[in-house]
Amino acid sequence: MPSEVATPGEAFATSEAHETRAARAVHDIRAARAAREPGEARAAREPGGARAARDTRRARAEGAGSREAGGRPADAPVRRGNLLLVLIALCTAVTAANIYLAAPLLPLIARDFGSTPSAVAWIASVAQFGYAAGLLLFAPLGDRVNRRRLVAVLSLVTTAALLAAAGAAGTAALAATVFVASAATVVPQLLVPLVAERAPADRRARHVSAVIAGLFTGIVAARVLGGLAGQAFGWRAVFVGAAVLTTALGLLTAAALPTERRRPREGRLFAGLTAMPGLVRRSPDLWRACVRQAGMYGAWSALWTSLALLLTGRAYGMSTATAGLFGLFGLAAGVVAPLAGGLVDRFGAAKVVRNAYLLAAVSVPLFWLGGRVLVALFVAAVVIHVALVASHVANQTLALTTTSAPATANSAYVVAGFAGGATASALAGLAFTHFGWGGVVTVAGTWLALGWTTTTTRR
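Here we summarise the structure given alongside this text. Nothing here was measured: the structure is a model prediction, and the numbers come from that model.

**Some words on the packing of helix α17 (residues 374-401) against helix α18 (residues 406-435)**
Relative orientation and spacing of two packed helices are given, respectively, by the angle between their axes and the distance between those axes.
Working step 1: Packing of α17 against α18 brings their axes to within 8 Å, and their N-to-C directions diverge by 145°. Our pair here, α17 against α18, has a crossing hand that is right-handed. Of the residues in α18, those touching α17 at Ser391, His392, Asn395, Gln396, Ala399 and Leu400 are Pro406, Ala409, Asn410, Tyr413 and Val414.
Working step 2: Residues of the contact of α17 with α18, tallied by class, amount to six nonpolar, five polar and no charged.

Spelled out as structure tokens, the structure:
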């Protein structure tokens, strides 16, 4: 009867055979895996590649597990992220519209208060001064306090100010409430950095562009829809409607924002505000970007905030609703923004800004001619929007990449632009009162000349 106990030689031979078969099986598995995943195999041979390969296998295993468990790819977080991006873009559009709400309503406001449109034109510039103040005070807080809470509080403050504006009994009360509403409506400048931080690296520019598109859409809506609604329901109803939209989208966006783990607070709460002047002084590129955009945005603001006075005046005699349709030319901004980004990457910010200024300079005589020829005004409106957006993309890119403190640099840049715009629009209102449309065009040309002097040298 054969023995049931193997001899040492037989045991060794059997063990050796098993080991040979196991080694061959392992080799076959590795070969098959290498054929399927050549990139991973190469990564494993490089320094640190083994860990990267393990991470890749783990991620794939987890993804496969998610698909098996749920019966579909684990794309729910991606869909949630896309929905949040859409919500942020809508919130940006509504809050940005609040800054320009008064401009198309000036003729209606003047009629209600027994005044002339040129006498109340300064209210539009008050909104921009308010926004600049809000940028100084609140925008730098995005890196230091809970952003969800800040967005909610600012939305409620904006709502209260808009409702107070709707019930204002005179121009002084209206201007005060518009200032507060504009100062609190800095939500877009809190959301853009958040989108940039959380977007995948290969889609970051597209995500940020979506928010910027919302910003310019809000500006267009303020002029077009604001003018139409004002003509149909009165200017006070427009402010009430803006308050309702601000509350709804502001609070919804705040609730949907992801929970952030904030860094420990260092220094005073408003340390970012006090750091701005020194940062601008130490960075010539940031200083140039600030002054360039102040010049460009000032020229655009002078022309755009005064346009309703021209169109509803004796030269054309349009209604507020018809004049508001000119805001549709702002849709050119949505087309130009991605193109401008590619040009900046290819040719540099300085060249794009110089060409934008050249376009803006061409628009100035067209705007002057537009005081009598409507077609010239159409062309000028498109040209100035193309120039504004191209300049903005280039200058903001420079501001965000030229220092080690991009959030503070961005706040300084936006404040400079809105301060230039507010000053120019205030002067344009005075110029229209005393010199007509030609005075407004002169203010715009002067602002462009001041901004251009900083683009003549490139370091």
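**Some remarks on the packing of aromatic side chains**
Working step 1: All chains considered together, the criterion is met by nine aromatic pairs.
Working step 2: Both rings, one in tryptophan 235 and one in phenylalanine 239, keep their centres 5.7 Å apart while their planes meet at 90°; by these two values the pair is edge-to-face. With tryptophan 235 and phenylalanine 239 both in helix α11 (residues 235-256) and four residues apart, the pair spans about one turn of that helix. Taken individually, tryptophan 235 and phenylalanine 239 each receive the classification buried, so the pair is uniform in this respect.
Working step 3: Taken together, Tyr100, Tyr131, Tyr297, Trp300, Trp304 and Phe418 form an aromatic cluster joined through their ring pairs.
Working step 4: Looking at arginine 372, its charged tip hangs above the ring of tryptophan 368, at a distance of 4.4 Å from the centre.

**Focus on the packing of helix α7 (residues 147-166) against helix α8 (residues 171-184)**
Working step 1: Remark: α7 packs on α8, axes separated minimally by 8 Å, with the N-to-C direction vectors making an angle of 160°. Put simply, α7 runs roughly antiparallel to α8. Of the two possible hands of crossing, α7 and α8 adopt the one that is left-handed. Every residue of α8 that contacts α7 at Leu154, Val157, Thr158, Ala161, Leu162, Ala164 and Ala165 is listed here: Leu174, Thr177, Val180, Ala181 and Ala184.
Working step 2: A breakdown of the residues in the contact of α7 with α8 according to their chemical character gives ten nonpolar, two polar and no charged.

Reading guide: rules and limits
Residues numbered from 1 in each chain as written. Predicted model: local features only at pLDDT ≥ 70, side-chain atom pairs only at ≥ 80, totals over all residues. Heavy atoms only, no water. Axes fitted to C-alpha atoms, helices over the stretch in contact; angles between N-to-C directions. Helix = DSSP H or I, 4+ residues; strand = E, 2+ residues; numbered from the N terminus. Left-handed = near helix turned anticlockwise from the far one by under 90°. Contact = heavy atoms within 4.5 Å. Nonpolar A, V, L, I, M, F, W, Y, C, P; charged D, E, K, R; others polar. Phe/Tyr/Trp six-rings, centres within 6.5 Å; stacked < 30°, edge-to-face > 60°. Buried < 20%, exposed > 50% of the residue type's maximum accessible area, 1.4 Å probe, protein only. Lys NZ or Arg CZ within 6 Å of the ring centre and 35° of its normal. Parallel < 35°, antiparallel > 145°, perpendicular 65-115°, else oblique.

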